[in-house]
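Okay, here's what each chain looks like letter by letter:
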Amino acid sequence: MTDLSQAWIDAMRLGHYDRAWSVSEQVQAARDPATRDDPSLPYHQRWVWDGRPFDGMDVLVRCYHGLGDTIQYARHLPTLAKRARSLTVEAQPRLCGLLAGMACVDRLIPFDPAHPAKPLACDLEITELPFALREPPAAAPPPYLHAPAAALPAGTIGLCYSAGEWDPARCVPPALLEPPCAGGPAITLVAEPTALPVLNPEGCPFDVDATAALVAGCDLVVTVDTMIAHLAGALGRPTWLLLKHEPDWRWMPGARDTPWYPRMRLYPQRTAGDWAPVIAEVAQDLAERYATSMPERDRP
């Protein structure tokens with residue numbers, strides 16, 4: 001990791017956004033324009049915006065990163081739409097149904113890596129929007145995505161223990177999540193069968209729209225750091241996020257809240273790889289939540 005990369009991470013974690021954008025300006029100034037949207041690189045390693053103006057322009061927002069990244073940064077699309085002449089978003093096909101509900105988007109097209117959309121007057125990658133707009137998270141708070149709520153019993157908790165194979169350290173052994181199931185009805189938000197005592201032991205559908213409906217119907221979502229966390233946060237649902245000891249740059253180590261999602265509570269590991277104390281704390285907090293009263297949909 002370069003010194004500039006670490007300086008950016010430190011500034012973002014501390015909420016010093018002007019400092020982070022200053023670092024981004026330095027990075028942008030040092031780039032070779034010939035490497036813009038470089039086809040020799042994997043999409044997630046490319047940079048797109050070269051600093052050109054987008055006010056009054058036809059703008060294309062490309063989504064080159066993960067589903068969670070697109071969901072996290074979609075909050076900035078309404079601001080961009082107010083400044084652009086038109087706004088086209090090239091998004092992962094699995095997200096197109098969810099993003100279609102954003103009235104600010106003039107045209108939504110599925111991203112085909114083999115045939116990417118042709119450039120417009122100004123192209124940006126969606127993770128570049130905070131820097132381009134100079135817009136901090138608090139200026140674009142949730143809920144900015146919406147989904148019809150699935151019909152679930154009152155007090156239902158949504159559980160997600162898997163973050164995929166690329167970072168196994170984020171995943172929680174499923175059996176550890178049995179205690180959170182004890183206080184009331186629970187569903188799994190993982191697309192695989194489970195032995196947990198949940199309402200849907202066959203697993204959650206591998207479909208973002210169906211998953212969003214389940215999340216919207218939950219009183220609380222307890223999840224590891226994955227797309228589900230961003231989906232729940234963007235929908236404005238109360239969310240408890242289970243974090244590994246050295247979390248992603250988005251989360252401040254040791255913090256219990258985050259400016260990205262005001263209704264999210266963070267549960268970081270105290271020791272790398274040790275989930276048991278984290279789950280014990282979650283179970284205790286859930287017991288207190290249920291002891292006070294039945295969960296209410298709008299309680300943080």
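All values reported here derive from a predicted model rather than from experimental measurement. Every chain begins its residue count from 1, and numbering advances along the sequence as written. Totals for whole chains, interfaces and linings use every residue, but because this is a predicted model, local features are given only for residues with pLDDT of at least 70 and side-chain atom pairs only at 80 or more, for both listing and counting. Side-chain numbers come from the whole structure's heavy atoms, not from hydrogens or water.

Caption draft 1: Quick peek at the overall build of the protein chain. For the purposes of this entry, the term helix denotes a DSSP run of H or I that reaches at least four residues, the term strand denotes a run of E that reaches at least two, and both are numbered from the N terminus. Counting its regular elements, the protein chain contains nine helices and nine strands. Every radius of gyration here is taken over C-alpha atoms, with the globule rule written as 2.2 Å times N^0.38, N being the number of residues. Taking 2.2 N^0.38 as the reference for a compact globule, 300 residues should give roughly 19 Å; the C-alpha atoms of the protein chain span a radius of gyration of 20 Å, in line with that estimate. Overall, the protein chain is about 55 × 40 × 35 Å in size when its C-alpha atoms are taken along their principal axes. Throughout, exposure labels follow a simple rule: accessible area from a 1.4 Å probe, protein chains only, divided by the maximum for the residue type, with under 20% read as buried, over 50% as exposed, and the rest as partly exposed. Within the protein chain, the proportion of its 300 residues that are buried is 51%. We call two residues contacting when some pair of their heavy atoms lies within 4.5 Å. Considering only contacts in the protein chain between residues 6 or more positions apart, those separated by 24 or more positions represent 64%.

Caption draft 2: The confidence of the model for the protein chain, seen in detail. Confidence of the prediction at every residue is given by pLDDT, a number between 0 and 100. Summarising the model, the protein chain shows a mean pLDDT of 95, and 97% of its residues fall at 70 or more. Ignoring residues within four places in sequence, the model shows residues 295–300, a span with pLDDT below 50, making 22 contacts including any to other chains.

Caption draft 3: Here's a closer look at the sheet that holds strand E3 (residues 107–110). For two strands to be treated as a pair, DSSP must find at least two bridges joining them. Taking strand neighbours across the sheet as the criterion, the four strands line up as E3-E2-E1-E4 in an open arrangement whose pairing is parallel. The open sheet has two edge strands with one neighbour each: E3 and strand E4 (122–125). When the angles between neighbouring strand axes are averaged without regard to direction, this sheet yields 20°. Judged from the four bridges that link them, strand E2 (residues 86–91) and E3 form a sheet pairing that is parallel. Here, axes are lines fitted to C-alpha atoms. For helices the fit covers the stretch in contact, and angles between N-to-C directions go from 0 to 180 degrees.

Caption draft 4: Main features of the packing of aromatic side chains. Only rings of Phe, Tyr and Trp enter the pairing, Trp through its six-membered ring, and a pair is recorded when the two centres are within 6.5 Å. The plane angle decides the type: under 30 degrees is stacked, over 60 is edge-to-face, the rest tilted. Tallied over the full model, the rule gives 10 aromatic pairs. Relative to phenylalanine 111, the ring of tyrosine 64 has its centre 5.6 Å away and its plane inclined at 40°; by these criteria the two rings are tilted. Here tyrosine 64, found in the loop between strand E1 (58–62) and helix H3 (67–73), pairs with phenylalanine 111, found in the loop between E3 and E4; they are 47 residues apart in sequence, far enough to count as distant. Of the two residues, tyrosine 64 and phenylalanine 111, neither departs from the other in class, the shared state being buried. The rings of Trp8, Tyr73, Trp249 and Trp260 are connected pair by pair, giving a single aromatic cluster.

Caption draft 5: Representation of the nonpolar core. Counting 87 residues, the largest nonpolar core has Val59, Val61, Leu77, Leu145 and Leu242 as its most contacted members. Tallying contributions element by element places helix H8 (residues 227–234) first for this core, with six residues. Beyond its immediate chain neighbours, meaning those up to four positions away, valine 59 contacts Phe54, Leu80, Ala84, Ser86, Leu87, Thr88, Leu120, Cys122 and Leu124. Take the buried residues of types Ala, Val, Leu, Ile, Met, Phe, Trp, Tyr and Cys, join any two whose side-chain atoms come within 4.5 Å, and each joined set is a nonpolar core.

Caption draft 6: Main features of the sheet that holds strand E9 (residues 264–268). As summarised here, the arrangement of the five strands in space is E6-E5-E7-E8-E9, forming an open sheet in which the pairing is parallel. Edge positions in the open sheet fall to strand E6 (186–188) and E9, since each of these has one partner strand only. Across this sheet, the average inter-strand angle for adjacent strands is 20°, counted without regard to direction. Taken together, the three bridges between strand E5 (residues 157–160) and E6 define a ladder with parallel strand orientation. Bridged to glycine 158 within E6 is isoleucine 187. On the sheet, H8 packs against E5, strand E7 (220–224), strand E8 (239–243) and E9 and is oriented at approximately 150° with respect to E7. The strands touched by helix H9 (residues 276–292) are E5, E7, E8 and E9; relative to E8, the strand with the most contacts, the crossing angle is about 165°.

Caption draft 7: Main features of the pattern of salt bridges. Only one rule defines a salt bridge in this text: a Lys or Arg side-chain nitrogen within 4 Å of an Asp or Glu carboxyl oxygen. If you walk through the whole model with that rule in mind, you get 18 salt bridges. One salt bridge connects arginine 62 with aspartate 123, and the closest N-O pair in it is separated by 2.9 Å. Here arginine 62, found in strand E1, pairs with aspartate 123, found in strand E4; they are 61 residues apart in sequence, far enough to count as distant. By relative accessible area, arginine 62 is classed as buried at 2%. In this structure, arginine 170 engages aspartate 167 in a salt bridge whose closest nitrogen and oxygen atoms are separated by 3.0 Å.

Caption draft 8: Highlighting helix H2 (residues 17–30). For H2, built from 14 residues, the straight-helix expectation of 20 Å at 1.5 Å per residue is met to within 8% by its first-to-last C-alpha distance of 20 Å. Within the span of H2, buried status applies to Tyr17, Ala20, Trp21, Val23, Ser24 and Gln28. The buried residues of H2 all sit within an arc of 155° when viewed along its axis, so they share a single face. Facing away from the buried surface of H2 by more than 90 degrees, the exposed residues are Asp18, Ala29 and Ala30. The inward-facing, buried residues of H2 contact helix H1 (3–14) and helix H6 (129–133). Multiplying 1.5 Å by the helix residue count minus one yields the expected span of that helix. Along the arc lie the directions from the helix axis toward the C-beta atoms.

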